[in-house]
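Spelled out from the first residue to the last, the chains are:
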Amino acid sequence: KRDLSVAWSLEAVSDLKLTREILVMQDVPTNDQVEILRPRINRARRVCLDYTGPGVGLGDYLVAEHGEYDPDKHRYGKVELCTATNASNVDMFSKLRMDFESRSLRVPVDRTTREDLHSVYRQGTKTGVSYRAPHTNDGHADRCYALALARRAAAHDTGESFLFTPARTRRDNIIASRRQRMVTA
């Protein structure tokens, strides 16, 4: 069994969500993960974290440092703790699939990442639908789940509804405004 910690960074550009980084950590202690993730979280607008299993300890560290995002409890920090339930998985993976079908999501051309994304399958049950993934030598669809969380985090910025959406720098804003002028001209 080889479960990975994966941080997937998305950037919203126009109506697209572009992958900027996929950080895969294997056998990295929690305190080292916090150090590795700190600069990425500081640059992010919103972060969604899998708050099940080993993610509980990591989530507690990150919430203490960056604040919890939970609008129902009037908390507006950066880190949303997402507990993996069947209902949350159906919601996240259905929306992830819709983004792929509408071609609004861009992922790198990488065999390991593609195989991980394709490993998740939808299964009908007596009570509805469930999403499953087999345990393999390369994890348990960890990259796919990280992308679903990153997509959830990116959706919050657009007013639509988890791992990372980079905040735009002044340089990014200037480039975006130049692109907009070129499109309208």
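Enquirer: Help me understand the packing of aromatic side chains in this model?
Expert: Given two aromatic rings, one states the distance between the centres and the angle between the planes to describe the pair. Scanning the model with the defined rule gives 2 aromatic pairs in all. Judged by centre distance (5.9 Å) and plane angle (55°), the ring pair of F93 and Y145 falls under tilted. Taken together, the residues span a long stretch of sequence, with F93 in helix α3 (residues 86-101) and Y145 in helix α5 (residues 142-157) at a distance of 52 residues. A single burial state applies to F93 and to Y145, both of which are buried. Here the basic side chain of R46 rests over the ring of Y69, its NZ or CZ set 3.5 Å away from the ring centre.

Enquirer: When you look at the nonpolar core in this model, what are you seeing that I'm missing?
Expert: Most often, soluble globular proteins have nonpolar side chains that are buried together. Ranked by internal contacts, the top residues of the largest apolar core, which has 25 residues, are W8, L10, F93, L96, V120, C144 and L147. Of all the secondary-structure elements, those providing two or more residues to this core are β1 (5-13), α3 and α5. The dominant element in this core, judged by the number of residues it contributes, is α5, at 9 residues. Beyond its immediate stretch of four places on either side in the chain, C144 contacts F93, L96, D116, L117 and V120.

Conventions we followed
- Residues numbered from 1 in each chain as written.
- Predicted model: local features only at pLDDT ≥ 70, side-chain atom pairs only at ≥ 80, totals over all residues.
- Heavy atoms only, no water.
- Phe/Tyr/Trp six-rings, centres within 6.5 Å; stacked < 30°, edge-to-face > 60°.
- Helix = DSSP H or I, 4+ residues; strand = E, 2+ residues; numbered from the N terminus.
- Buried < 20%, exposed > 50% of the residue type's maximum accessible area, 1.4 Å probe, protein only.
- Lys NZ or Arg CZ within 6 Å of the ring centre and 35° of its normal.
- Core = buried A, V, L, I, M, F, W, Y, C linked by side-chain atoms within 4.5 Å.
- Contact = heavy atoms within 4.5 Å.

Treat this as a map of the structure, not an account of what it does.
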